[in-house]
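Architecture and fold: a report
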Amino acid sequence: MSKKDVFGDEVSKSENDFSALFEQSLRGAKLKTGDSFKGEILTINKEFVYVSTGSAIDGHLPVREIWDDNKLPKYKVGDVIEVVVLRVLEGEVLLRAKAAKGSSQSVDNLEDAFDMELPVEGKVLELVKGGYRIQVATEKAFCPLSQIDLRVPQEPESFIGRKLDFLITAYENNGRNIVVSRRKILLISQAEVESEMLEKAQVGDLYEGTITKMEKFGAFVRLENNLEGLIPVSELTWSRGVKTENVVHNGMMVKVKLLKIEDVDGRLRMSFSLKQGGGESDPWSNIVEKFPVGSIHAGTVEKKEAYGLFVNVAGGITGLLPKSKWRESVDGAQYENKKRGDSIQVQIDEIRADERRISLGLPGEAIDESWKAHAAPAKSFGTFADLLKKK
């Protein structure tokens, strides 16, 4: 049944196509892999057909996709065709005619897919030396282990039996030697995800992820969108001087806060904080209430220096016990022999919260003025007039 406008008149096919193009230009949506739309053919040459995408960048598809049985174009400039987005990368939009046939069973079409870098569907049959045997159409292909995913899989057997999209990276001897890669397709998709992340993410956003790798300088976390970033060792916990492996482990699920995101030479760089993302509050925010001046606490020697001992009194709270505080003490020798990990009793002498510094002292070493209360009162000798009166 033909469509009619508000006046009851029939709407022609060309008007429908124009309406679709107009709506598309109004949407202004960013094209991504898998999107389908109707576009006007702008140019046809010997190799490609250029189609309007409704944006500043035109898309293109191989001219053979619009050939008829005589290998002549079925469409002309100005016609509107329906297409599917295969790839969007660095200002290039690669399309495929929606009416075009998918991966056929003929070797000729696999060679075309290799020449035009078109994805093909393949089934992972089995593990072989160095990779997988893949069934692609009627042919067998090889996929190196490093090309089945973005990273070498920890459990290679998990891919067996799965149907996945691949790019043909080598096609030799009339199809007797075919090499495929899934990683190349994933990298294209990752570039799109990175672009979206860079555009939408805000410093301070919280994300869930999985620890994938640990280093002395921190740990790498993979987000749910498969992007990775670094958690510096200083952002793993509020405590100082800790080792990465003492806080996290590979495969651990974590919640992190985005600290920094930037594009460095075309690569997305992100840094996160675990200590700020896991719901653990900054221990210095209520330091005065929890550790009032004069209070005594049990601590652990965290570090020993020539000028004193750094003592940890709580998670993320470390203060300095200066050497001058125990030098004149009767128990000075025992403090001199303290080493990292030893327990120690300390007193809070001074807090500078804005500088995140605490000065510690020895319990009971404050100036003792209690003797004043027990001192005998001095007798008055009276005035010279009083002495004369007694006479």
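Residues numbered from 1 in each chain as written. Predicted model: local features only at pLDDT ≥ 70, side-chain atom pairs only at ≥ 80, totals over all residues. Heavy atoms only, no water.

Next up on the list: the overall build of the protein chain. A tally of helices and strands in the protein chain yields 8 helices and 20 strands. When burial is assessed residue by residue, the protein chain has 34% of its 391 residues classed as buried. For the protein chain, the exposed area adds up to about 24,500 Å²; of that, 50% sits on carbon and sulfur atoms. (Helix = DSSP H or I, 4+ residues; strand = E, 2+ residues; numbered from the N terminus. Buried < 20%, exposed > 50% of the residue type's maximum accessible area, 1.4 Å probe, protein only. Areas by Shrake-Rupley, 256 points an atom, 1.4 Å probe, with all protein chains shown as cover.)

What follows is about the packing of aromatic side chains. Considering all chains together, one arrives at 7 aromatic pairs under this definition. Both rings, one in Y207 and one in F272, keep their centres 6.3 Å apart while their planes meet at 80°; by these two values the pair is edge-to-face. In this pair, Y207 sits in strand β11 (residues 206–215) while F272 sits in strand β15 (residues 267–273), placing the two residues 65 residues apart along the sequence. Each member of the pair, Y207 together with F272, is buried. Relative to Y335, the ring of W326 has its centre 6.3 Å away and its plane inclined at 25°; by these criteria the two rings are stacked. (Phe/Tyr/Trp six-rings, centres within 6.5 Å; stacked < 30°, edge-to-face > 60°.)

Within the largest apolar cluster, 21 residues are counted, with the highest numbers of intra-cluster contacts made by I134, I148, F166, I168 and V180. Within the residue set of this core, elements represented by two or more residues are α2 (107–116), β6 (120–128), β7 (131–136), β8 (139–144), β9 (163–172) and β10 (177–181). With 4 residues, the top contributor of residues to this core is β9. Once residues within four sequence positions are removed from consideration, I148 is found in contact with V124, Y132, C143, P153, F159, L164, F166, R182 and L186. Of all hydrophobic cores here, the second largest spans 19 residues; its members include M197, I211, L236 and I261. (Core = buried A, V, L, I, M, F, W, Y, C linked by side-chain atoms within 4.5 Å. Contact = heavy atoms within 4.5 Å.)

Below, the discussion takes up the pairing of strand β19 (residues 343–352). Here strand β16 (residues 296–305) pairs with β19 via 5 bridges, running antiparallel. Counterpart to I296 in the pairing with β19 is Q347. Relative to strand β20 (residues 357–361), β19 is paired through 5 bridges, and the arrangement is antiparallel. Across the sheet, the residue bridging to I351 is I358, located in β20. Taking the residues that link successive antiparallel strands as the turn, the β19-β20 hairpin has 4 residues, and the phi of R356 there is positive, at about 55°. (Pairing = 2+ DSSP bridges.)

A few words now on the side chain of T53. Residue placement: T53 occurs in the loop between β2 (48–51) and β3 (59–62). A distance of 2.6 Å separates a polar atom in the side chain of T53 from a polar atom in the side chain of S55. (Polar contact = N/O pair within 3.5 Å; in protein donor to acceptor, adjacent residues only side chain to side chain.)

Moving on to unusual backbone geometry. Most peptide bonds take the trans form, and the phi angle of most residues other than glycine is negative. The residue N174 is not glycine, and still its phi comes out positive at about 55°. A positive phi angle is found at N226, which is not glycine, with a value near 75°. Relative to the helices and strands, N226 resides in the loop between β12 (218–223) and β13 (228–232).

As a further point, take the pattern of salt bridges. In this structure the tally under the stated criterion is 13 salt bridges. The partner of E215 in a salt bridge is K213, with the nearest N and O atoms 3.5 Å apart. Put simply, R151, R222 and E228 are held in one network by salt bridges that share partners. (Salt bridge = Lys/Arg side-chain N within 4 Å of Asp/Glu carboxyl O.)

Before going further, it helps to spend a moment on the side chain of E235. Positionally, E235 belongs in the loop between β13 and β14 (253–264). The buried charged residue E235 lacks any salt bridge, with K275 as its nearest oppositely charged partner at 4.1 Å. A distance of 3.2 Å separates a polar atom in the side chain of E235 from a polar atom in the side chain of Q276. Excluding anything up to four places from it in sequence, E235 contacts L259, F272, S273, L274, K275 and Q276. (Lys, Arg positive; Asp, Glu negative; His and termini not counted.)

Successive residues of a regular strand alternate their side chains across the two faces of the sheet. One ladder, built from 5 bridges, connects β11 with β14; its direction is antiparallel. Residue pairing in the sheet places T210 in a bridge with M253 of β14. Here β14 runs beside β15; their pairing, made up of 7 bridges, is antiparallel. Across the sheet, the residue bridging to L258 is F272, located in β15.

Looking at the protein chain, the pLDDT average stands at 80 and 81% of residues meet or exceed 70. Across the protein chain, element-level confidence peaks in β7 with a mean pLDDT of 95 and bottoms out in helix α7 (residues 371–374) with 44. Note on residues 25–29: pLDDT is under 50 here. Beyond four places in sequence and across chains, it has 1 contact. A low-confidence stretch, residues 367–381 stays under pLDDT 50, and its non-local contacts, those more than four residues away or across chains, total 0 contacts. (pLDDT = per-residue confidence, 0-100.)

This next bit is on the environment of V301. With respect to the helices and strands, the residue V301 is situated in strand β16. Residue classification places V301 among the buried residues on the basis of a relative accessible area of 2%. The spacing of V301 and V313 is 12 residues in sequence and 9.0 Å in space, taken between C-alpha atoms. Excluding its chain neighbours within four sequence positions, the residues that come into contact with V301 are L309, F310, K338, K339, R340, G341, D342 and I344.

Let us now look at the environment of L259. Positionally, L259 belongs in strand β14. Under the relative-accessibility criterion, L259 is labelled partly exposed at 28%. In this structure the C-alpha to C-alpha distance between L259 and E235, which are 24 residues apart in sequence, comes to 9.8 Å. Other than its neighbours up to four places away in sequence, L259 contacts V203, E235, S271, F272, S273 and Q276.

For the rest of this paragraph, the subject is helix α3 (residues 183–200). Taking 1.5 Å of rise per residue, the 18 residues of α3 would be expected to cover 26 Å, and the 25 Å separating its terminal C-alpha atoms lies within 8% of that figure. Among all positions of α3, only I185, L186, I188, E192, E194 and M197 are buried. (Expected span 1.5 Å × (residues − 1).)

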